[in-house]
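# Fold and contact review
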Amino acid sequence: MQLFSQKTYADRQRKLIEKMGEGLVWIPGNTESPLNYTDNIYPFRQDSTFRYFFGINLPNLHIVLDCATGKKTLYGNDYSIDDIIWVGPQKPLAHYAELCHIDEIKPIAALEERLGGQKGIHYLPPYRHDHMILAGRLFGLDPNQIKKHCSDKLIQAIVDIRSYKSEEEIAQMEDAVNITRHMHMTAMRQTRPGKYEYEVVADIRKALESQHSQLAYPVIFSVNGQTLHNHHHDNKMESGRLVLNDSGAENTYGYAGDITRTFPVNGRFSGRQKELYALVLKMETDSIALVKPGITYRSIHIEANKIMLEGLKSMGMVKGDVEDMVREGVGGLFMPHGLGHMIGMDVHDMENLGEQAVGYGNMERSKQLGLKSLRLARTLEEGFVLTVEPGIYFIPELIHKMRQEGKWSSFVNYDVLEDYTSFGGIRIEDNVLVTNQSHQVLGKPIPKTIVEIEELMNA
Ligand code: GLY
Ligand code: MN
């Protein structure tokens, strides 16, 4: 188990206690999740907030934090001999509690005595059903209503701490991106016409797992890049198609990389692919260039949209005034997702705490296609790490629906778009740290220009 120093956990815990001031905070760690029966399990993934503040990457633990006294109690059971027969010898919880600056350990059965029937316990919105059921039992509430009673104060306190990445976290995030780089360069080298997508996905997983890491999210690797979260890998890759690879590592300290590259199956971009790829690349690099403290990410998303619409206009796909098109949300037809999100221990960092708190603060969310999917809109600050991931997609179903409805008919040349309905999609994504006055792209460079990609694929 990889742990930071005891001081790191002590500092993180102190900040949380100071922000809360008083009351009891309950932070449940994750349990094992059965796949098809109790002992056949999905890979264990600790809750990120639990791991961030209390380090221990083991299942079936809970923390209760008394913010008035500052006392941190771990609830959990050491393995019995019956467990050890199956899973081997384990260090006692006391060993980890010491390393993670936890004051005392109590058996799991004592949790119910401590919290049962109490009002005003601060807890986060649960995303696992076993925690919803447990919270329902502890607090006498319907498990389906449990989220309504979670603590906005605790959410805000945690967002206010985890949003700012420390130097040691940034080092881990660079490590995650560098492992991710290995996954992406492997994919470019292994892709060729006639192979199936799943064969390259297997190579991506080998590149990842041979670095002792796990996936930060399910691999998106598809010639149908126009489907934004395409988790099917059963297509045969044909010459002339592009393939989109959105995949990232979670390293041994639990930090995520989230990178996307799009490249030609046969290693050479066609003229039409070059034109659109260069446009997405400009959207990406120009957006990154704007990243600095004090600017809203919403404004960078809109700027990327303008660049896209200018480019699509020069290709004859749209017409009219770009500002008018931005106002009417025409960009959503081609990029129906947001420009990016916070990243850290979660690929969409702290998404379980709610996107309003993490990505918007006091800002209001748009209802427009594309902009409504922007996960991060708020003013950027030093220490934030975010993704920049513009894309252009030709989604036949969306194009045909909008055409039939007469939507944006004065701006969109639907006849021209018909010619692109089997093009697919392009997305390019990097992970960017907001620095004191500017930004830094994390990790070693991953081939991104047309020349760099073609060189690697034809080496
Ligand atoms: N990597 C997938 C996403 O950002 O949604
Ligand atoms: Mn992403």
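For the structure given in this document, a descriptive report is provided here. (Residues numbered from 1 in each chain as written. Chains lettered and ligands numbered in written order. Predicted model: local features only at pLDDT ≥ 70, side-chain atom pairs only at ≥ 80, totals over all residues. Heavy atoms only, no water.)

### A look at the coordination of the manganese ion (ligand 2)
Selection criterion: In this analysis a donor is any N, O or S atom within 2.8 Å of a metal ion (3.2 Å for sodium, potassium and calcium), and since water is not included, sites may seem incomplete. A run of DSSP states H or I qualifies as a helix once it reaches four residues; a run of E qualifies as a strand once it reaches two. Both are numbered from the N-terminal end. Each residue gets one of three labels from its accessible area relative to the maximum for its type: buried under 20%, exposed over 50%, partly exposed in between, using a 1.4 Å probe on protein chains only.
Distances from the manganese ion (ligand 2) to its protein donors, Asp258 (OD), His341 (NE2), Glu389 (OE) and Glu429 (OE), fall within 2.0 to 2.3 Å. For the manganese ion (ligand 2), the donor residues sit on a single chain with the sequence spacing D-x82-H-x47-E-x39-E. Separated by 83 residues along the polypeptide, aspartate 258 in the loop between β10 (249-250) and β11 (259-264) and histidine 341 in the loop between α12 (322-328) and α13 (355-360) bring together distant segments of the chain. Residue class for aspartate 258 comes out buried when judged on its relative accessible area of 3%.

### A few points about the sheet that holds strand β6 (residues 104-106)
Under the convention used in this document: At least two bridges found by DSSP between two strands are what make those strands a pair. Lines fitted to C-alpha atoms define the axes here, with helix axes fitted over just the stretch in contact, and angles between the N-to-C directions of these axes take values from 0 to 180 degrees. Residues count as neighbours in contact if any of their non-hydrogen atoms are within 4.5 Å of one another.
With mixed pairing, 4 strands are arranged side by side in an open sheet as β1-β4-β5-β6. In the strand order of this sheet, the two ends are held by β1 (24-28) and β6, each with one partner. Strand-to-strand twist in this sheet, taken as the mean axis angle between neighbours without regard to direction, amounts to 25 degrees. Running over the sheet, helix α6 (residues 129-139) touches β1 and β4 (62-66) and is turned about 150 degrees from β1.

### What to know about the site of ligand 1
Heads up, the condition is: Put simply, a residue is near a molecule or strand once any heavy atom of it comes within 4 Å of that molecule or strand. We get accessible surface area from the Shrake-Rupley algorithm with a probe of 1.4 Å; when it comes to residues, only the shown protein chains can shield them. Note on residue categories: nonpolar means Ala, Val, Leu, Ile, Met, Phe, Trp, Tyr, Cys or Pro, charged means Asp, Glu, Lys or Arg, and polar means any other residue, Gly included.
Neighbouring ligand 1 are the residues Tyr217, His229, Asp246, Asp258, His341, His348 and Glu389. Taking 200 Å² as the accessible area of ligand 1 by itself, protein coverage stands at 93%. Of the residues belonging to the shell around ligand 1, the class tally is 1 nonpolar, 3 polar and 3 charged.

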